[in-house]
Amino acid sequence: DVDEVQINDKGHIVWAGMPTENTRNIYFYNGETITKISSDLYYPELGFVGLPKINNNDYIVWRYYTGLDGGYKLKFFNGSSIVSISSDYIDDYNTFHINNQNQIVWSSLDSKDILLYTAGTIQTLTTDHSPSSAENPQINDAGQVVWNSSSFATSSGIFFYNGSIV
């Protein structure tokens, strides 16, 4: 069972595959060799593990299930090792992205904040805005982030982080 395929500009491919009923692996193909990057537990009744994304540096980010507590977090493969980067649960199904500067942005399920990972540091981008729902973050290669947000007290809006301020 193979799905969730992504390709970068070098033609390198990443995907999630399910070799056994309760395991979901992340695989990487560099044009010559297939490498298994990770093997995570998979609970079919609780949703997908995987959703891998790859940048042009062959860095890979994906979500994994933390256990029966009902949450997903993020793992990051930096070309040599795997790091768990999210301290809280990620929101929704597909709300994380990686750019070609190896920065990762995601929406937090716990706080409804937008979080940015850069070189080992996690920065909260939405603290001052306290939205009831910040979601669907996107990041470009300049480190600029955009997301939409809504609140019961105000109307919906679009927020923009220019690399230093919102």
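All values reported here derive from a predicted model rather than from experimental measurement.

Rules used throughout
Residues numbered from 1 in each chain as written. Predicted model: local features only at pLDDT ≥ 70, side-chain atom pairs only at ≥ 80, totals over all residues. Heavy atoms only, no water. Phe/Tyr/Trp six-rings, centres within 6.5 Å; stacked < 30°, edge-to-face > 60°. Helix = DSSP H or I, 4+ residues; strand = E, 2+ residues; numbered from the N terminus. Pairing = 2+ DSSP bridges. Axes fitted to C-alpha atoms, helices over the stretch in contact; angles between N-to-C directions. Contact = heavy atoms within 4.5 Å. Polar contact = N/O pair within 3.5 Å; in protein donor to acceptor, adjacent residues only side chain to side chain.

Draft legend 1. Spotlight on the packing of aromatic side chains. For the coordinates displayed, the defined rule picks out 4 aromatic pairs. Between Trp15 and Tyr27 the ring centres are 5.6 Å apart and the planes differ by 20°, which places this aromatic pair in the stacked class. Separated by 12 residues along the polypeptide, Trp15 in strand S2 (residues 13-20) and Tyr27 in strand S3 (residues 23-29) bring together distant segments of the chain. Summarising the aromatic geometry, the rings of Trp147 and Phe159 are spaced 5.8 Å apart at their centres and angled 15° between planes, so their arrangement reads as stacked. Taken together, the residues span a long stretch of sequence, with Trp147 in strand S14 (residues 145-150) and Phe159 in strand S15 (residues 157-161) at a distance of 12 residues.

Draft legend 2. Structural view of the sheet that holds strand S5 (residues 50-54). Ordered in space as S5-S6-S7-S8, the 4 strands form an open sheet in which the pairing is antiparallel. With partners counted over all chains shown, the strands left at the sheet margins are S5 and strand S8 (82-84), one partner each. Across the sheet, the mean angle separating the axes of adjacent strands is 25° when strand polarity is ignored. In this structure, strand S6 (residues 60-65) lies alongside strand S7 (residues 72-77), joined through 6 bridges in antiparallel fashion. For Ile60, the partnering residue across the bridge sits in S7 and is Phe77.

Draft legend 3. Representation of the environment of Asp58. Note that Asp58 resides in the loop between S5 and S6. A sequence separation of 51 residues divides Asp58 from Ile7, and the C-alpha atoms of the two residues are 9.7 Å apart. Not counting residues within four places of it along the chain, the set of residues in contact with Asp58 comprises Asn8, Lys10, His12, Phe28 and Phe77. Side chain to side chain, Asp58 and Asn8 meet in a polar contact 2.8 Å long.

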